[in-house]
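Single-letter residue listing:
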Amino acid sequence: MATAVFVQEGDVIDYTPGSAVASGDVVVQGDLIGVAKQPIAANTAGALAVVGVIDVPKAAGSAINVGTKVYWDATNKLGTTSDGGGANKLLGKAVLTAASAATTVRVRLTQ
């Protein structure tokens, strides 16, 4: 008997939020991070992208070089190079250098 059953490709996963999620919201579930590609109403099944390249806000004043690990600071809703002592979850790696004056960083999602 098979020990695993294929369910889906895995670039998008099912998600049912307890409260409404806007398109573009970053959703953290333990160490799994996804991005809502469309709005998801509260208590309604929707989908989160867990594969791809996204632009997320970052604090101005600090550069992030290509290839650098980027963590999601859910409190401030920013990409950062700090894991915050484990509080910030790994989002992925920067795929484009973000200058210190930039307000966004381009990240390839890592799971």
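Our structure's up above, just so we're on the same page.
Owing to the predicted nature of the structure, the values given are computational and were not obtained by experimental measurement.

Chemist: Can you walk me through the pairing of strand 5 (residues 53-57) in this structure?
Modeler: If a strand is regular, its side chains alternate between the two faces of the sheet. Here strand 5 shows a clear split, with Ile54 and Val56 buried on one side and none of Val53, Asp55 and Pro57 buried on the other. Sheet analysis places strand 5 next to strand 9 (residues 104-109), joined by five bridges and oriented antiparallel. Opposite Pro57, over in strand 9, you have Thr104 as the bridge partner.

Chemist: What's the story with the pairing of strand 8 (residues 89-94) in this structure? I'm lost.
Modeler: Of the strand pairs in this sheet, strand 6 (residues 69-73) and strand 8 are connected by four bridges, and their pairing is antiparallel. By the bridge assignment for strand 8, Lys69 is matched with Lys93. Sheet analysis places strand 8 next to strand 9, joined by three bridges and oriented antiparallel. If you follow Gly92 over to strand 9, its bridge partner there is Leu109.

Chemist: I'm lost on the sheet that holds strand 8 in this one. Help?
Modeler: Strand pairing within a sheet occurs via backbone hydrogen bonds; the two strands may be parallel or antiparallel. The sheet built from five strands is open, its strands ordered 5-9-8-6-7 with antiparallel pairing. With partners counted over all chains shown, the strands left at the sheet margins are strand 5 and strand 7 (78-80), one partner each. When strand polarity is set aside, the average angle formed by the axes of neighbouring strands in this sheet is 50 degrees. Bridge count between strand 6 and strand 7: three bridges; the pairing is antiparallel. By the bridge assignment, Tyr71 is partnered in strand 7 with Thr80.

Chemist: I keep staring at the pattern of salt bridges and nothing clicks. Help me out?
Modeler: When the charged atoms of two side chains with opposite charge come close together, those side chains can pair. In total, this model carries two salt bridges according to the counting rule given. Lys89 is the partner of Asp31 in a salt bridge, and the nearest nitrogen-oxygen pair spans 3.2 Å. Placement of Asp31 in the loop between strand 2 (26-29) and strand 3 (32-36) and of Lys89 in strand 8 is noted, with a sequence separation of 58 residues between them. A relative accessible area of 61% means that Asp31 is categorised as exposed. Residue Asp55 pairs with Arg106 through a salt bridge whose shortest N-O separation is 2.7 Å.

Chemist: Just to check I follow, could you spell out the side chain of Asp73 for this structure?
Modeler: Relative to the assigned elements, Asp73 resides in strand 6. No salt bridge forms around the buried Asp73; measuring N to O, its nearest opposite-charge neighbour Lys77 is 9.0 Å away. Within polar-contact distance, the side chain of Asp73 engages the backbone nitrogen of Thr75 at 3.1 Å. One polar contact links Asp73 to Asn76, side chain to side chain, over a distance of 2.8 Å. Other than its neighbours up to four places away in sequence, Asp73 contacts Leu78, Thr80 and Asn88.

Chemist: I'm lost on the environment of Val95 in this one. Help?
Modeler: By the element assignment, Val95 lies in the loop between strand 8 and strand 9. Along the backbone, Val95 and Val27 are 68 residues apart, and their C-alpha atoms lie at a distance of 21 Å. Contact partners of Val95, with chain neighbours within four places excluded, come to Val53, Val66, Arg106, Val107 and Arg108.

Cut-off values and rules
Residues numbered from 1 in each chain as written. Predicted model: local features only at pLDDT ≥ 70, side-chain atom pairs only at ≥ 80, totals over all residues. Heavy atoms only, no water. Buried < 20%, exposed > 50% of the residue type's maximum accessible area, 1.4 Å probe, protein only. Helix = DSSP H or I, 4+ residues; strand = E, 2+ residues; numbered from the N terminus. Pairing = 2+ DSSP bridges. Axes fitted to C-alpha atoms, helices over the stretch in contact; angles between N-to-C directions. Salt bridge = Lys/Arg side-chain N within 4 Å of Asp/Glu carboxyl O. Lys, Arg positive; Asp, Glu negative; His and termini not counted. Polar contact = N/O pair within 3.5 Å; in protein donor to acceptor, adjacent residues only side chain to side chain. Contact = heavy atoms within 4.5 Å.

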